[in-house]
Amino acid sequence: MHEIYSRNWKIAQIISEKCNWKKKTVFMCFNTFVWCVVGFLIYFLFSIMPFIRFSVVNMFVTVGYFGVIPGYFGAAMYILRNTEPEQLQ
């Protein structure tokens, strides 16, 4: 998991340098988006199985949980544990 967050941090640094935004903000948004995509892919893989019915509500719940728990909260914990204040400028 740590490798995923560090890779996303490097991508967020590149984006923040080009767009002149804060690294922390870009990382939180980008990481949440990446984990929402992962949640959608996992739901899609399970929904093509014949014994699971596709439901839009279940899709949004799955994507939401993947976006919030490992995406947003994971990004916040990564920033708190692995960065120094001068890196967040």
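Read on for an overview of the structure. (Residues numbered from 1 in each chain as written. Predicted model: local features only at pLDDT ≥ 70, side-chain atom pairs only at ≥ 80, totals over all residues. Heavy atoms only, no water.)

**Regarding the nonpolar core**
A general tendency of soluble globular proteins is for nonpolar side chains to be buried together. Membership of the largest hydrophobic core is limited to ten residues, which are Tyr5, Trp9, Ala12, Val26, Phe27, Met28, Trp35, Ala75, Tyr78 and Ile79. Breaking this core down by element, the ones donating at least two residues are helix H1 (2-19), helix H2 (23-47) and helix H3 (56-82). It is H2 that provides the largest number of residues to this core, a total of four residues. Non-local contacts of alanine 12, meaning those with residues more than four positions away in its chain, are made with Lys23, Val26 and Phe27. (Core = buried A, V, L, I, M, F, W, Y, C linked by side-chain atoms within 4.5 Å. Buried < 20%, exposed > 50% of the residue type's maximum accessible area, 1.4 Å probe, protein only. Helix = DSSP H or I, 4+ residues; strand = E, 2+ residues; numbered from the N terminus. Contact = heavy atoms within 4.5 Å.)

**Considering the packing of H1 against H3**
Helix-helix packing is described using two parameters, namely the angle between the two axes and the distance between the axes. For the pair H1 and H3, interaxial distance at closest approach is 11 Å and the crossing angle is 80°. Taken together, the axis directions place H1 and H3 in an arrangement best described as roughly perpendicular. The residues of H3 that touch H1, namely those facing His2, Tyr5, Ser6 and Trp9, are Pro70, Gly74, Ala75, Tyr78, Ile79 and Asn82. Residue composition of the contact of H1 with H3, grouped by class: six nonpolar, four polar and no charged. (Axes fitted to C-alpha atoms, helices over the stretch in contact; angles between N-to-C directions. Parallel < 35°, antiparallel > 145°, perpendicular 65-115°, else oblique. Nonpolar A, V, L, I, M, F, W, Y, C, P; charged D, E, K, R; others polar.)

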